[in-house]
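So the chains spell out like this:
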Amino acid sequence: MKKYVLRRLVISVLVLLLVSVMVFSLIHLIPGDPIDYLFADETLTPEIRAQYQRDLGLDQPLLVQYGSWMGRVVRGDLGMSLQMGRPILNLIAERVPATLLLALAATLVAVVIAIPAGIIAAIKRHTSYDYLFMSSALFGLSIPHFWLGILLILFFSVFLDLLPSSGYRPLWSDPIGSLEHLILPAITLGTSMAAVVARMTRSEMLEEIGKEYVRTARAKGMPERRVIFRHVLKNALVPTLTILGIQFGRLMGGMVVVEYVFAWPGLGSLVVDAVYSRDYPMVQALVLTFAVFAVTINMGVDILYRYVNPRITLE
Amino acid sequence: MTKNFLYLSLIAIGFFGSTSCTDQAHQDPHGGTLVLGMMADIQRADPHRQTGNPSNQVFSLITESLVELDAQGRVSPGIAESWQVSEDAREHTFFLRKEVLFHNLRELVADDVKQSYQHMQDPATRSPKRADFAMIDRIEVIDRYTVKFYLKEPNAGFGATYFGGNAPIIPPETFDTDHPVGTGPFQFVEWKPRQYLKVRRFDGYWNDGLPKVEEIIFRPVVDDTVRYTGLLAGDLDFVFSLPFAQLPVLSSSPPSGIVPSIKGGSRWFFLNLHTQRGPFKDVRVRRAIAHALDKSVIMDGVSWGYAEAEAQPYPPGSQWYFSDVEDLYLESDLEQARSLLQQAGHPEGFELTAIVRNETLIMDLAMLVQSQLAKIGIEVKLEVMDRASHLARQRQHDFDLNPGHMGFFPDPGEIFYRLNHTGVPDNWGLYSNPEFDELVEQGRRTVDFARRKELYRQALGILNQEVHFIYLGHLPVAQAWRSRVQGLETNIRGDIAFHGGGMAYAWIEE
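A quick note: this is a predicted structure, and the numbers were derived from the prediction, not measured.

A.B. asks: Lay out the pattern of salt bridges with the relevant residues and their values.
C.D. replies: Residues and elements named next belong to chain B. This model, assessed by the stated rule, comprises 36 salt bridges over all chains. For Asp 46, the salt bridge is made with Arg 49, and the minimal N-O distance between the two is 2.4 Å. Each member of the pair, Asp 46 as well as Arg 49, is classed as buried. The partner of Arg 49 in a salt bridge is Asp 176, with the nearest N and O atoms 2.9 Å apart. One end of the pair, Arg 49, is in the loop between β2 (33–38) and α2 (53–62); the other, Asp 176, is in the loop between β8 (146–151) and β9 (186–192), with 127 residues separating them in the sequence. Judged by relative accessible area, which is 16%, Arg 49 ranks as buried.

Here it is as structure tokens:
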């Protein structure tokens, strides 16, 4: 186990290094630079422009810029945001709780809806339950977040006046307010995630149900409930867990639409705003952070496999 | 020091009726909290380092400048009660209001003005406003309440550049901090990025009886539709920039408890043609383009019928609006357009490239232009891009056609000189006309209002003949608030702080 984790850590460092080169190159390849955006309302003469470039270190060769950025990153200094003039580490730290809260809540919504729906659809294959759950899943997968979000706001906030239309409250300072603000965005995100997970659970369950060990268990007279939950579900959950991990990782960096609809102060809108404003150090730091999330979550999921299915070895 | 000054304006507060407002203010109930839905969050909490309209709106309640705009967008007293401009328009003297307190309860004096400007000018500050202050040669404190600016070049519109949040006067002891302190009607309480910014009523505000509400919370809600929904749900009391698709219903039968405000002309649309490359070098081709367009259809199309076609950058109601300017290209004249193309040697039309910023309004505008120019055989290729890419392409003068919109400037010197004078950085289409240059230079040197207006009328006449900058029309300010908000008005630009009105004058009626 230790050897496995160590090997994964080494690979992770290489992955992160590759990501850093890619994000640095890509953001510098896009036309336009931070000066165009930051000083859009001003009349910039070429002299003042050159002065700004020197101020921001943008007059240096790209390799030098990359080297000095990486030098700072390995020392734990992500630099300052060009647009906001604040340390990037603080800006990310401010947004992580909101992102994490919403990602966890959406995953919870997805699991609560999807796993039972997937199990029932598999057990009651080709019945009205199956069709209902699977067509609902297709609907959930197809519906755009911004549309579902606005519909939920119209229904729960405008017509029923039950929940706030948008905004965020920290969980620790205002738990009730926080949950009230969390419900609608979590449902919006959780719905599409549930759709993917339900379909995956159903197909994996069906695959497992058809296997010989299930026939043996049934032949031994084991109760059906036990066959399903003790044996089939446990094996079927392994790929589902992978999907959940991938989806969760995606949520940690990609809730942009939902963040805009619900004015949720997460990391997704931070990275989009940074790309738009060509805030180079901010984009680089955020993409690197997302890569760290993805690598960590994937490693966590792989380790979790072992507990879900002891036949899997991590070597 | 005995130099004669042309006395331009000495505008007493009473002239604008502040006394009656003050009397009324004492009778109005105080207290309560207003929640404002903003188009974006502020980027920085430092008044000298913030920029952009959403930020300016927030800071305009916390900090003040030498001058403010009034309801019609005219330059009016702010911290300065009055000002004088020398005959050569190089020396601008501002006479400050007395007993104006900063939120730290220290009195604002002339030296604070000087230090604030110098701080914004200082390269070390890295203020995004620095380029605007390059025209200042030096600043002199005449006495405790008088400050004088010496400019490198004449600029009669100098004062107009520094209204509202553009040049906030803040106490030097708070420079470079993230706790903004000003002299505005509200004092900063806290900012939670992307969540809210809270301000509280400042009891020491110089304008007695103001403000009336206790607290204002600015909440960034980026999407227009969501912001409007927040207003309907009662989570927001006031919203900027309503979605135009909602205006027909909102203006004819507003939902209960909602007060719509659709007025003025905050932004003006244009089509900028490159004058130094391709067929657009020939003015006949540019005129053919102008004739081919149906401005009314375009303006209706981008705004659900709420924008007005115009041939000038200022809307009716502004002092710089020219009521006698004839729009030579108001209606589409395809025959004339085809004939001009034929004369210019392009009877079959040609292809060109438009750079289009990925904003709904501009993309709609570009598509309408594209479809209308197709009628005279001109095929427009739309290159859609984000703002930073678009800004770079403009700067590099790399386009044939550049559709866009621009905000309201209080002085025409900005619009005419900055966008069209030979060789200036923002003359994206590389237009050059010595006669036009002379007119706008004279406009900068001339202090007399009537004379200036005549000069700019002539300059506009040239632009409308040369049509490298085709003025299309004005987009109204579309805002709304809940009916519990009383006494609120915004000005022609949609500002929530202006001379004689805005949030400071609003109160809550439960």
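A.B. asks: Give me the lowdown on the side chain of Arg452(B), citing residues and values where you can.
C.D. replies: In this structure, Arg452(B) sits in helix α13 (residues 449–466). Not counting the four nearest positions on each side in its chain, Arg452(B) is found in contact with Ala156(B), Gly157(B), Trp320(B), Asp411(B), Gly413(B), Gly443(B), Thr446(B) and Val447(B).

A.B. asks: With reference to specific residues and values, describe the interface of chain A and chain B.
C.D. replies: Each partner contributes residues to the interface: chain A has 51 residues there, and chain B has 38 residues. Regarding the contact of chain A and chain B, the summed buried area is about 3600 Å², with carbon and sulfur atoms giving 51% of it. Among the residues of chain A in contact with chain B, Glu42(A), Thr43(A) and Tyr260(A) are the three that bury the most area, contributing 15% of the side total. Between Asp36(A) and Arg395(B) there is a salt bridge, with its nearest N and O atoms 2.7 Å apart. For the pair chain A and chain B, the interface holds eleven residue pairs in polar contact (both at pLDDT 80 or more). At the level of secondary structure, the elements contributing two or more residues to the side of chain A that touches chain B comprise α2 (34–38), α3 (46–56), α5 (88–123), α7 (145–159), α11 (256–261) and α12 (267–276) of chain A. Ranked by the residues each element gives to the side of chain A that touches chain B, the list is headed by α3(A), at six residues. Taken together, the residues of the side of chain A that touches chain B sort by class into 26 nonpolar, twelve polar and 13 charged.

A.B. asks: How would you sum up the nonpolar core? Please name residues and give values.
C.D. replies: Within the largest apolar cluster, 144 residues are counted, with the highest numbers of intra-cluster contacts made by Leu271(B), Ile289(B), Leu293(B), Leu373(B), Ile378(B), Leu401(B) and Ile470(B). The element best represented in this core is α5(A), accounting for 16 residues. Lining this core are residues from two domains, each supplying at least three of them: domain 1 (16–74) and domain 2 (95–308) of chain A. Apart from residues lying up to four places away in sequence, Leu373(B) is in contact with Ile289(B), Ala292(B), Leu293(B), Ile378(B), Val380(B) and Leu401(B). Residues Ile79(B), Trp83(B), Ala89(B) and Val181(B) belong to the second largest nonpolar core, which totals 38 residues.

Conventions used here
- Residues numbered from 1 in each chain as written.
- Chains lettered and ligands numbered in written order.
- Predicted model: local features only at pLDDT ≥ 70, side-chain atom pairs only at ≥ 80, totals over all residues.
- Heavy atoms only, no water.
- Salt bridge = Lys/Arg side-chain N within 4 Å of Asp/Glu carboxyl O.
- Buried < 20%, exposed > 50% of the residue type's maximum accessible area, 1.4 Å probe, protein only.
- Helix = DSSP H or I, 4+ residues; strand = E, 2+ residues; numbered from the N terminus.
- Contact = heavy atoms within 4.5 Å.
- Buried area = accessible area lost by both parts, 1.4 Å probe.
- Polar contact = N/O pair within 3.5 Å; in protein donor to acceptor, adjacent residues only side chain to side chain.
- Nonpolar A, V, L, I, M, F, W, Y, C, P; charged D, E, K, R; others polar.
- Core = buried A, V, L, I, M, F, W, Y, C linked by side-chain atoms within 4.5 Å.
- Domains from an automatic or database assignment.

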